[in-house]
Amino acid sequence: QVQLVESGGGLGQPGGSLRLSCAASGDIFSVSRMGWYRQAPGKQRELVAHITNGGATNYADSVKGRFTISRDNAKNTIYLQMNSLKPADATVYYCNARTSFFDYWGQGTQVTVSS
């Protein structure tokens, strides 16, 4: 089992920045990749960015150049630095940890973008 606890959501202004954090605990040695997804009401959950154990990253086209995913292995934590926020970025963000057999999810954190 892997437990994920997210933090850092909230209100950001258009053009502003927010940083999300996700701390993992439990059977973290089974995790091969961690990432962030988001899901708007009535839509499918979509990948925002992920980072592998080796540090390779992948981003959705809609966030490339604006968002940066990173990890602190000593803290078993990943981060999502979100810059140049747009209203379209406003939704619930979920942390994900992937193992060979299962996807684990955090509880979600709300991001609101408004002036």
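That block above? That's the structure.
We now turn to the structure provided with this report.

Here is what the cut-offs are and how they apply
Residues numbered from 1 in each chain as written. Predicted model: local features only at pLDDT ≥ 70, side-chain atom pairs only at ≥ 80, totals over all residues. Heavy atoms only, no water. Helix = DSSP H or I, 4+ residues; strand = E, 2+ residues; numbered from the N terminus. Buried < 20%, exposed > 50% of the residue type's maximum accessible area, 1.4 Å probe, protein only. Pairing = 2+ DSSP bridges.

So, about the environment of A40. Relative to the helices and strands, A40 resides in the loop between strand 4 (33-39) and strand 5 (46-52). Take A40: its relative accessible area is 27%, and that puts it in the partly exposed class. Sequence separation of A40 and T109 is 69 residues, and the distance between their C-alpha atoms is 12 Å.

With that settled, consider the pairing of strand 4. A regular strand places its side chains on the two faces of the sheet in alternate fashion. Burial runs high along strand 4: 6 of the 7 residues are buried. Across 6 bridges, strand 4 lies against strand 5 in antiparallel orientation. Bridge pairing links M34 to I51 in strand 5. Hairpin connection, strand 4 to strand 5: the antiparallel pair is bridged by 6 residues, and G42 has positive phi, about 80°. The sheet contact formed by strand 4 and strand 9 (residues 91-98) spans 7 bridges and is antiparallel. By the bridge assignment, G35 is partnered in strand 9 with N96.

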